[in-house]
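# Per-entry structural report
Residues per chain, in single letters:
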Amino acid sequence: MLEARAISLAAREHAGQSYGSGEDTVRGGIELTHIVHLQHVRDNTLKLANVAGIGRYGTSMLMCVAWLHDLIEDTGATFNDIAKVYGFGTTIAEAVFSLSGHGRNRAERWESTADLTKKNHVALFVRMADRYANYAHARSQGTNGVPMSRMYEEEAEKFLTLIGEARNYCTEGNDAGFGVTSSTLSHAAFDYVASWFI
């Protein structure tokens, strides 16, 4: 099973990594490992897939990208590793690459992925799910998470603009790779995600 392979690879490559830094890694006195963050992203991605009515093949692909979305950014794995060495193929590798920010700061990392993400619907779904996982985690931290949750709230408009641009990029009849038209995705999942931040 493709998702089982993705889970195994993510667990191995992210072993020893924590999600966040300092006090942000603590949830109820327990360290939040990176694999737990990936599970949250996977669960959010599945919710989006269900809302959008994505079939089994598309959902399986999304689940893999959810598990692997930080692989290039956090472990040094490459596009070629994901596509060929680990055998996930170019569609999954392209989505993971689209989600892999590069730059010296948060703004540069955003710019390096924004255009790629809005044109790759697999990546866009996972980016939406990842953003909500980040926001939910920050809010769960109480006073420790206030600076991060405020940052995500301040960035919400920019994030929703990205989703809107992706909606505009969608055209009727354009198959987004899930067996449903892009316009169907824009009216279902994108609006659902917008409600997370309102």
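Residues numbered from 1 in each chain as written. Predicted model: local features only at pLDDT ≥ 70, side-chain atom pairs only at ≥ 80, totals over all residues. Heavy atoms only, no water.

All right, on to the overall build of the protein chain then. Within the protein chain, the regular secondary structure consists of ten helices and two strands. Its helices and strands taken in sequence order, the protein chain reads α-β-β-α-α-α-α-α-α-α-α-α from the N to the C terminus. A fraction of 66% describes how many contacts in the protein chain between residues 6 or more apart in sequence connect residues 24 or more apart. (Helix = DSSP H or I, 4+ residues; strand = E, 2+ residues; numbered from the N terminus. Contact = heavy atoms within 4.5 Å.)

So, on to helix 3 (residues 56-68). Taking 1.5 Å of rise per residue, 13 residues should cover 18 Å, and helix 3 covers 18 Å from first to last C-alpha, within 8% of that figure. Of all 13 residues in helix 3, ten are buried; the element is thus mostly enclosed. Every buried residue of helix 3 is accounted for by Gly-58, Thr-59, Met-61, Leu-62, Met-63, Cys-64, Val-65, Ala-66, Trp-67 and Leu-68. Where helix 3 is buried, its residues contact helix 1 (2-13), helix 2 (34-52), helix 4 (71-75), helix 6 (89-98) and helix 8 (121-140). (Expected span 1.5 Å × (residues − 1). Buried < 20%, exposed > 50% of the residue type's maximum accessible area, 1.4 Å probe, protein only.)

Between its terminal C-alpha atoms helix 7 (residues 106-118) stretches 18 Å, which fits the 18 Å expected from 13 residues at 1.5 Å a residue. Largest kink in helix 7: about 25°, centred on Ser-112. Of all the residues in helix 7, the buried ones are Trp-110, Thr-113, Ala-114, Thr-117 and Lys-118. (Bend = angle between axes of the 7 residues up to and from the residue.)

For the rest of this paragraph, the subject is the packing of aromatic side chains. Across all of its chains, the model carries one aromatic pair by this definition. Their ring planes at 85° and their centres at 6.4 Å tell us that Phe-79 and Phe-97 sit as a pair that is edge-to-face. Separated by 18 residues along the polypeptide, Phe-79 in helix 5 (residues 79-85) and Phe-97 in helix 6 bring together distant segments of the chain. On the basis of relative accessibility, which here comes to 37%, the residue Phe-97 falls in the partly exposed class. Over the aromatic face of Phe-88 sits the side chain of Arg-5, whose NZ or CZ is 4.5 Å from the ring centroid. Cation over ring: Arg-127 sits above Trp-110, and NZ or CZ is 4.4 Å from the ring centre. (Phe/Tyr/Trp six-rings, centres within 6.5 Å; stacked < 30°, edge-to-face > 60°. Lys NZ or Arg CZ within 6 Å of the ring centre and 35° of its normal.)

Here Ser-100 is to be found in the loop between helix 6 and helix 7. Exposure remark for Ser-100: the relative accessible area of 1% places this residue in the buried category. Side-chain polar atoms of Ser-100 contact the backbone oxygen of Val-96, separated by 2.7 Å. (Polar contact = N/O pair within 3.5 Å; in protein donor to acceptor, adjacent residues only side chain to side chain.)

Tracing the backbone through its elements, the reader meets His-34 in helix 2. If near-sequence neighbours (up to four positions away) are discounted, His-34 is found in contact with His-14, Gln-17, Ser-18, Tyr-19, Asp-70 and Asp-74.

Now for the packing of helix 1 against helix 3. At their nearest, the axes of helix 1 and helix 3 sit 9 Å apart, and the two run at 0° to each other. As the angle between them shows, helix 1 and helix 3 are arranged roughly parallel. Where helix 1 approaches helix 3, its residues Leu-2, Glu-3, Ala-6, Ile-7, Leu-9 and Ala-10 are matched on the opposing element by Ser-60, Met-63, Cys-64, Trp-67 and Leu-68. Each residue belonging to the contact of helix 1 with helix 3 can be placed in one class, and the counts come to nine nonpolar, one polar and one charged. (Axes fitted to C-alpha atoms, helices over the stretch in contact; angles between N-to-C directions. Parallel < 35°, antiparallel > 145°, perpendicular 65-115°, else oblique. Nonpolar A, V, L, I, M, F, W, Y, C, P; charged D, E, K, R; others polar.)

Counting 42 residues, the largest nonpolar core has Leu-62, Val-65, Leu-68, Ile-82, Phe-88 and Ile-92 as its most contacted members. Tyr-19, Ala-138, Met-151 and Tyr-152 belong to the second-largest nonpolar core, a separate cluster that totals six residues. (Core = buried A, V, L, I, M, F, W, Y, C linked by side-chain atoms within 4.5 Å.)

We now examine the pattern of salt bridges. A full pass over the atoms with the stated rule returns seven salt bridges. When the shortest N-O distance is used, the salt bridge between Arg-106 and Glu-155 registers 2.7 Å. Separated by 49 residues along the polypeptide, Arg-106 in helix 7 and Glu-155 in helix 9 (residues 146-169) bring together distant segments of the chain. Here Asp-115 makes a salt bridge to Lys-119, at a shortest N to O gap of 3.5 Å. (Salt bridge = Lys/Arg side-chain N within 4 Å of Asp/Glu carboxyl O.)

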